[in-house]
Amino acid sequence: MRVRSALFLSAAVIAATLIPIGALASVPTPTVQAASTPATVAPVHLDAKAVAAAAAPAPTRSRTFSGGYLQGTLRTKLSAEAFSSSVVGNLTGHTDGDVDVVAAYLDGSVHIWSARTGRQEFVIQTGSAIRASPALVRLRAGGGYMLLLANDAGTVYMYGWVNHQPHLVFRKSVPRSTHRPGIFGTPTLANLDNNGKMYVVVSSFDQHLYVWDLAGNNKKGFPYFAQDTIWSSPTVTKVDGDAYPRIIFGYDCGGSGAQTCYQKWHTHGGVLTSLRHDGSTAPGWPQLIPGQVVWSTPAVASLYGGTKKQIIVGTGLFYSNAGYATYVFDSSGHRLMTVPMHGRTFSSPAIGDVMGTGSGAPQIVIGDEFGHTDIIDGKGHRLVDVCTAKLNTCVMSHSSPIIGDLYGNGHQEVVAVGGNTFSIIDHTGRITNTVQIKETALGLAASPTLVNIDGKATLFFTLMAKSAGGNQAEVVSYTFPTRAGASAWPMFKGNTQRSGASGKVVPNA
């Protein structure tokens, strides 16, 4: 898609961008304090294949949402993992109780299906790979959903639906510079000034964190220059009684002598920071993550059952043999915990009371690159350590877990991905079910999404699917026999808006 300077585009441009389903057969190639090592309390070491299925019923595969072959070289060549997670909600204006399934792919396409029938409703071609997850956002409380997207060309789009037809209402590109403009992190929409005015918040490979109003103007005080690449998605939320939301994210520190991070700490690694709504850096920030970049998206929640919130984050995958940890900070930048892990933690944490303590204090659920999923309490105790996917061998995973009440019984379960399988971990730390999705290419990198569809808990997985004719865009769904209860962290970044913040159990969308 060629980027124009205009942000509000004509019906002709919209029509050229959206492809009617009847014309899919002729779709052209897209143009358009120092921490100490925490105590470990009798962790449960479990292997998915070694644990017999418990009483909890297994989900059944309910539907395959097919988007056809990927465009260009991606039809025959696998060059990257598909990190973008699906999102589900009433985007297009259904009046019959149906909702939409939205997924984005590495060929730059975005597919929208009916959740109830599987019929493909719209295809949007952006012209560049999409690794960020689509978000469903609202411009005002009670308003209809809009679709927020970002791609590897550094462009952010927002679509709204009027009378069941899409309208492109926002498009803005990262300024071209000597740095790569791509967007890996998932953007969000936020009311930063508490006055109802909404801003797009997005991080970029070009070393900047951007905040744009809906006319495409930089908010005063932004962009923030990190002086190195940003992979981490921004988390936007209020912390500890702040009047305004903060923007919290990680970035790289390559160790160049000209970088502020190197001048401050005289080493390389990653940085976690917290910005005020006016672009200034909050007191106590930024903070160093030694030895490893921060590609993980931070989560913000209260781990101790009070009003104060903590910031939980993993690391990244740039440096080998470093970053084998999960970190917890308070809102003032004090490092509260460094929890050792089996491998690097590119995974983004999910927060919820999985173990059912009843204290209102949730746990951290996070995976590492070697296929372990850990449940960690607020004191750094590793309560559960699960090896997913294969007997005696953990399978590499770059996916992030989710948390939800899959059976509607008041207990939170974890859904963790390893290789081309997903496992369900119950409130006792047992793997109750392991399900293989055989056709996925390069394994499952995208996090699952949990919603209720027609009264039943349903998981959605975005795939690059292998087939005899080439790689296809697919979403597959798995359904449970009962309705999901209120779920703590049912999708990547916690909610459809992709804010990255929770702190209490919230109902499914």
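It should be noted that the structure appears before, not after, this text.
This one's a predicted model, so the numbers in the text were calculated from it and none came from an experiment.

### Notes on the overall build of the chain
Part 1: When its secondary structure is counted, the chain shows two helices and 37 strands.
Part 2: Among the 509 residues that make up the chain, the fraction classed as buried is 62%.
Part 3: Carbon and sulfur atoms provide 53% of the accessible area of the chain, an area that totals close to 18300 Å².

### Considerations on unusual backbone geometry
Part 1: With an omega of 5 degrees, the peptide bond between F222 and P223 qualifies as cis.
Part 2: With respect to the element layout, P223 can be found in the loop between β14 (208-213) and β15 (224-225).
Part 3: Here the amide bond leading from W285 into P286 is cis, since omega sits at 0 degrees, within 30 degrees of zero.
Part 4: By the element assignment, P286 lies in the loop between β18 (269-275) and β19 (287-290).
Part 5: Positive phi values are uncommon outside glycine, yet K493 reaches one of about 65 degrees.

### Points about the pairing of strand β22 (residues 325-330)
Part 1: Buried residues dominate β22, accounting for six of its six residues.
Part 2: Residues A325, Y327 and F329 of β22 are buried on one face, and the alternating residues T326, V328 and D330, pointing to the opposite face, are buried as well.
Part 3: Once β22 ends, the chain turns through four residues before running back antiparallel as strand β23 (residues 335-340), passing G333 with a positive phi of about 90 degrees.

### Quick look at the sheet that holds strand β16 (residues 235-237)
Part 1: Strand order in the open sheet formed by four strands is β16-β17-β18-β19, with antiparallel pairing between adjacent strands. In this open sheet, the two strands that pair with only one neighbour each are β16 and β19. Between one strand axis and the next, the sheet turns by 25 degrees as a mean value, whatever way the strands run.
Part 2: As judged from the seven bridges shared by strand β17 (residues 246-253) and β18, these two strands associate in the antiparallel manner. Within the sheet, the bridge partner assigned to D252 lies in β18 and is G270.

### Section: the sheet that holds strand β21 (residues 310-313)
Whether parallel or antiparallel, the strands of a sheet pair through hydrogen bonds between backbone atoms.
Part 1: Read from one edge to the other, the open sheet built from four strands follows the order β20-β21-β22-β23, with strand pairing classed as antiparallel. Unpaired on one side and paired on the other, β20 (299-301) and β23 mark the two borders of the sheet. The mean inter-strand angle of the sheet, taken between neighbouring strand axes irrespective of direction, is 20 degrees.
Part 2: Where β20 meets β21, three bridges bridge the pair, whose relative direction is antiparallel.

Rules used throughout
Residues numbered from 1 in each chain as written. Predicted model: local features only at pLDDT ≥ 70, side-chain atom pairs only at ≥ 80, totals over all residues. Heavy atoms only, no water. Helix = DSSP H or I, 4+ residues; strand = E, 2+ residues; numbered from the N terminus. Buried < 20%, exposed > 50% of the residue type's maximum accessible area, 1.4 Å probe, protein only. Areas by Shrake-Rupley, 256 points an atom, 1.4 Å probe, with all protein chains shown as cover. Pairing = 2+ DSSP bridges. Axes fitted to C-alpha atoms, helices over the stretch in contact; angles between N-to-C directions.

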